[in-house]
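Fold and contact review
For reference, the chains in residue letters:
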Amino acid sequence: MKEFKETQKFNQAWVWIIAIVPIVMVLAEFSIIIYKQEKIVITDLVVFPIVIAILVLMLIWLKLMRMETFISKEFISFHYKGLMLKPKVIYWNEILSSEVIKYDPLWEYGGWGIKYSFKRGWCYNVAGDNGLRIQLKSGKSILLGTQQPDELKQYLNSND
């Protein structure tokens with residue numbers, strides 16, 4: 001294999017439930033306010049669409065957000081689109097070791113996303129409990145989550 005590519009998105013049902021609940025709550029609250037009032041206050045008509053627009057924009061941002069990993073014989077590149085401005089690149093000559101591991105995202109890093117642990121270093125993940133642990137020669141550690149651990153292992157083993 002010449003290269004390894006993976007794109008991960010936030011497709012978990014629980015993420016979308018958590019994201020949609022505030023919109024439902026705002027709609028319910030606005031409905032209650034309108035129903036109880038004899039006269040509609042102009043500020044309600046201004047604030048409501050602004051709040052809904054902000055929440056919808058956040059949903060769109062979440063839908064567009066993704067983590068892209070690219071590994072070649074020269075480097076490892078990862079980009080958390082929607083949170084990072086540009087991809088981070090690590091050249092193989094900067095790497096002491098790398099291995100595909102199973103880990104506990106909640107216990108070891110406090111969940112998913114971009115996380116930092118004083119003991120374990122940076123973690124970039126979207127879902128699941130598999131990742132590529134990279135130990136840099138500088139002493140820093142990075143963990144990149146993956147949904148394709150077997151393919152990643154196969155790629156790394158074929159390029160040893």
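What comes next is a walk through the structure. (Residues numbered from 1 in each chain as written. Predicted model: local features only at pLDDT ≥ 70, side-chain atom pairs only at ≥ 80, totals over all residues. Heavy atoms only, no water.)

Some points on the overall build of the protein
Note the cut-off: Working definition: helices are DSSP H or I runs of at least four residues, strands are E runs of at least two. Numbering for both runs from the N terminus. For a compact globule the rule gives 2.2 Å times the number of residues to the power 0.38, and the radius of gyration it is set against comes from C-alpha atoms.
When helices and strands are counted, the protein shows four helices and nine strands. Along the protein, helices (α) and strands (β) appear in the sequence β-α-α-β-β-β-β-α-β-β-β-β-α when read from the amino end. Computed over the C-alpha atoms, the radius of gyration of the protein is 21 Å, more than 25% above the 15 Å expected from 2.2 N^0.38 for a compact globule of 160 residues. Projected onto its principal axes, the C-alpha coordinates of the protein cover approximately 75 × 30 × 25 Å.

Here we look at the packing of aromatic side chains
To be explicit about the condition: Note on aromatic pairs: the rings of Phe, Tyr and Trp (six-membered ring only in Trp) are paired at centre separations within 6.5 Å, and the planes decide the class, stacked below 30 degrees, edge-to-face beyond 60, tilted for the rest. The buried label applies to any residue whose accessible area, calculated with a 1.4 Å probe on protein chains only, is under 20% of its type's maximum; exposed applies above 50%, and partly exposed to all values in between.
Following the criterion strictly, the structure yields nine aromatic pairs and no others. With a centroid separation of 6.5 Å and an interplanar angle of 40 degrees, the aromatic rings of Phe4 and Tyr155 are classed as tilted. One end of the pair, Phe4, is in strand β1 (residues 4-9); the other, Tyr155, is in helix α4 (residues 149-158), and 151 residues separate them in sequence. The class of Phe4 is buried, set by a relative accessible area of 4%.

Focus: the layout of surface pockets
Rolled over the atoms, a probe as big as a water molecule pinpoints where empty space is left. Going by this rule: Only protein atoms enter the calculation, which uses a 1 Å grid: trapped sets of points that fit a 1.4 Å probe without letting it out are cavities, open sets showing protein on both sides within 12 Å along at least five of seven lines are pockets, and any residue with an atom within 4 Å of a point is a lining residue. Grid points are joined across faces, edges and corners, and a volume is the space filled by probe spheres set on the points.
Empty space within the second largest pocket amounts to approximately 180 Å³. Lining the second largest pocket are Phe78, Lys88, Ile90, Ile114, Trp122, Tyr124, Leu136, Lys140 and Ile142. For the lining of the second largest pocket, the secondary structure elements donating two or more residues are β4 (88-91) and β7 (121-125).

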